[in-house]
Amino acid sequence: MTELPRGVRLGVDVGQVRVGVSRSDPHGVLATPLVTLARDLTAAPDTVPSDLAQLAALVAEHEAVEVVVGLPVNLAGKHGPAAVHVQAYADQLADVIAPVPVTLTDERMSTVVASRRLAERGVRGRRQRAVVDQAAAVEILQSWLDAQRRRTR
């Protein structure tokens, strides 16, 4: 039985407009919402976009040992344009936060599940849009943590 190494992990839900971020406790049991970052789509090609710089600052602040990025695989298990976009974002993030590893995980339906859970709690409309990215990041990280725990039993 190999145990998940101790340390905080950040979960990331990459969207076209926003990036939702969650974090785990050091024991890797529970994911909680952290922040939503605005995507910086205007950065010059030779500069680090501000959202990636903010993520790097969060990695340092929380002393994260790993960043888990949700990869939007379609229902047939294929990588469409969204997955290609997220892969490029994850590659760029990995360059910025090295040597901290970036792990991609299947995040099929995370935003749908997050939206449904928020609606069940009475969070709708504009209030939901403000936090759905963080909630999706929680879904991504929590399912990854749960899968790691199942593998180490």
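These numbers come from a predicted model, not from an experiment. (Residues numbered from 1 in each chain as written. Predicted model: local features only at pLDDT ≥ 70, side-chain atom pairs only at ≥ 80, totals over all residues. Heavy atoms only, no water.)

Attention shifts here to the overall build of the protein chain. The secondary structure content of the protein chain amounts to four helices and five strands. Traced from its N-terminal end to its C-terminal end, the protein chain shows the element sequence β-β-β-α-β-α-β-α-α. A total of 153 residues make up the protein chain; the buried ones form 43% of that total. Put simply, of all contacts in the protein chain between residues at least 6 apart along the chain, 65% involve residues at least 24 apart. Of the roughly 8400 Å² of accessible surface on the protein chain, 56% is carried by carbon and sulfur atoms. (Helix = DSSP H or I, 4+ residues; strand = E, 2+ residues; numbered from the N terminus. Buried < 20%, exposed > 50% of the residue type's maximum accessible area, 1.4 Å probe, protein only. Contact = heavy atoms within 4.5 Å. Areas by Shrake-Rupley, 256 points an atom, 1.4 Å probe, with all protein chains shown as cover.)

For the rest of this paragraph, the subject is the pairing of strand β1 (residues 9-14). The buried count for β1 comes to six of six residues, which makes it a mostly enclosed element. The side-chain alternation of β1 yields two buried faces, one formed by R9, G11 and D13 and the other by L10, V12 and V14. Bridge analysis of β1 against strand β4 (residues 66-71) gives four bridges, and the strand direction is parallel. When the sheet's bridge partners are listed, G11 is paired in β4 with V68. Here five bridges tie β1 to strand β2 (residues 18-24), and the two strands are oriented antiparallel to one another. When the bridges of β2 are listed, L10 appears paired with R23. (Pairing = 2+ DSSP bridges.)

Let's shift gears to the sheet that holds strand β5 (residues 102-106). In space, the five strands of this open sheet follow the order β3-β2-β1-β4-β5, with mixed pairing throughout. Two strands lie at the open edges of the sheet, namely β3 (31-38) and β5, each paired on one side alone. Direction aside, the axes of adjacent strands within the sheet are offset by 25 degrees on average. Where helix α2 (residues 81-97) meets the sheet, its contacts fall on β1, β2, β4 and β5, and the angle it forms with β4 comes to roughly 170 degrees. (Axes fitted to C-alpha atoms, helices over the stretch in contact; angles between N-to-C directions.)

By the secondary structure assignment, Q134 is in helix α4 (residues 125-151). A relative accessible area of 15% means that Q134 is categorised as buried. Within the structure, Q134 has its side chain in polar contact with the side chain of T36 (distance 3.0 Å). Q134 has contacts with G20, V21, S22, P33, L34, V35 and T36, leaving out every residue within four places of it along the chain. (Polar contact = N/O pair within 3.5 Å; in protein donor to acceptor, adjacent residues only side chain to side chain.)

Turning to the packing of helix α1 (residues 50-61) against α2, a few remarks are in order. Between α1 and α2, the shortest axis-to-axis distance is 10 Å and the interhelical angle comes to 50 degrees. With respect to each other, α1 and α2 are oriented oblique. Classified by chirality, the crossing of α2 by α1 is right-handed. Here D51, L52, L55, A56 and V59 of α1 come into contact with α2, specifically with Y89, Q92, L93, V96 and I97. Partitioned by chemical class, the residues of the contact of α1 with α2 number eight nonpolar, one polar and one charged. (Parallel < 35°, antiparallel > 145°, perpendicular 65-115°, else oblique. Left-handed = near helix turned anticlockwise from the far one by under 90°. Nonpolar A, V, L, I, M, F, W, Y, C, P; charged D, E, K, R; others polar.)

Taking 1.5 Å of rise per residue, twelve residues should cover 16 Å, and α1 covers 16 Å from first to last C-alpha, within 8% of that figure. The inward-facing, buried residues of α1 contact β1, β2, β3, β4 and α2. (Expected span 1.5 Å × (residues − 1).)

The end-to-end C-alpha separation of α2 is 24 Å, in line with the 24 Å expected for 17 residues at 1.5 Å each. Considered for burial, the residues of α2 that qualify are A83, V86, Y89, A90, L93 and I97. The arc enclosing the buried residues of α2, seen along the axis, measures out at 120 degrees, which places them on a common side. Set apart from the buried face of α2 by more than 90 degrees, the exposed residues are P81, V84 and D95. Contacts from the buried residues of α2 go to β1, β2, α1, β4 and β5. (Arc of directions from axis to C-beta.)

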